[in-house]
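Examining the three-dimensional arrangement
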Amino acid sequence: MSNAVSALQGRTAPGEVTIREAGLRGMIILRGDLADKKLRKVCADVTSVKFPDQGQANSEGDKGLCWMSPDELLVLVPYTEAADAIAKIDAKLAGTHYLAENVSDARAVILVEGAFCRDVIAKLAPADLHPDSFKPGDFRRTRLGQVAAAFWMRDEDTFEVICFRSVAEYTFDLLAMSAKSGEVGHFA
Amino acid sequence: MLILHCPCCGVDADETDLHAGGQAHLKREGPGSSDDDFEDYLFMRENPKGVHFERWRHVYGCGKWFHAARCTSTLEVFGTYPAQTLEPPQEIKDKISAKRPGWSWGTFQ
């Protein structure tokens, strides 16, 4: 088997807010009827986290579920478990209308960690990131600078950003530049 | 800057998150239609100064299409609603009537 590497192989830009590529992560796009009991059950089996409401992400370590659109979920699992997870989903949902695809190698995950991580993202995205409207657990698909990205807050000091692998370097540099130029203080 | 509420994912999306899809509520003319009807469907569009109905796609977000009712001269947004409909919901029409009495657009009023 080939030796899998992540887009930036764990590159880190240390600072007050540290930007770090998360390395290999298992990501599965699951499309289907999100109200379907079978689908919800298999998601719970695979990730053991609570099923997310609209616009939410629930995660625990490397595992998680993100609400992408009314008929789409992003299932997060450890990289080596992605194939097994898809096999479980296929077995459970056989005969229903759904699609499960392993996109682990098509995406990159970048962590933004530090006290003013909220400012780092807010400078780049046309989204309302005020602490009253965007809280830990909230998930948003939008753009960062010039490229499509999704992000959610793991906790008050950590954002996880997902982007396409082909633009991982751009996204990393963008976040690193935003972190380097410091805090805005608008939310304080 | 236009900010539209996406009825599919509940997000207030900035114009740069969206893709404009042109006029809403077109009636498709397919095989068997007259040349005049087909020409109308293909080329003729409303171009109002005032109340307008448009299709938008939340392209950087959930990826879904939806409809928006807005004013082309003031950029005021009267409301957004799901695309799975042949005409604007009564609630949207009422909101427009409250602010632009006597408005009409195509066959709607």
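Everything numeric here is computed off the predicted structure, so don't read it as measured data. (Residues numbered from 1 in each chain as written. Chains lettered and ligands numbered in written order. Predicted model: local features only at pLDDT ≥ 70, side-chain atom pairs only at ≥ 80, totals over all residues. Heavy atoms only, no water.)

Side note on the sheet that holds strand β3 (residues 19-23) of chain B
All names here are of chain B. Read from one edge to the other, the open sheet built from four strands follows the order β3-β4-β5-β6, with strand pairing classed as antiparallel. Taken across any chain shown, the strands that pair with only one partner, and hence form the sheet edges, are β3 and β6 (77-82). When strand polarity is set aside, the average angle formed by the axes of neighbouring strands in this sheet is 30 degrees. In this sheet, strand β5 (residues 65-71) lies alongside strand β4 (residues 51-57) in antiparallel orientation, the contact comprising seven bridges. Residue pairing for β5: histidine 52 is matched across the bridge by arginine 70. Against the sheet, helix α2 (residues 90-99) contacts β4, β5 and β6, and its axis sits at roughly 170 degrees relative to β6. (Pairing = 2+ DSSP bridges. Helix = DSSP H or I, 4+ residues; strand = E, 2+ residues; numbered from the N terminus. Axes fitted to C-alpha atoms, helices over the stretch in contact; angles between N-to-C directions. Contact = heavy atoms within 4.5 Å.)

Remarks on the environment of B:Gly63
Residues and elements named next belong to chain B. Here glycine 63 is to be found in the loop between β4 and β5. Taking relative accessible area as the criterion, glycine 63 reaches 22% and is therefore assigned partly exposed. Measuring from C-alpha to C-alpha, the distance between glycine 63 and cysteine 9 comes to 9.4 Å, with 54 residues separating the pair along the chain. In contact with glycine 63, other than residues within four places in its own chain, are Arg57 and His58. (Buried < 20%, exposed > 50% of the residue type's maximum accessible area, 1.4 Å probe, protein only.)

Description of the interface of chain A and chain B
The partner chain B presents 13 residues to the 15 residues of chain A that form the contact. Taking both partners together, chain A and chain B bury about 1,000 Å²; carbon and sulfur atoms supply 47% of that area. Looking only at chain A, the three residues that lose the most surface to chain B are A:Arg140, A:Arg141 and A:Arg143, adding up to 39% of its buried area. Here chain A is connected to chain B by two salt bridges. (Buried area = accessible area lost by both parts, 1.4 Å probe. Salt bridge = Lys/Arg side-chain N within 4 Å of Asp/Glu carboxyl O.)

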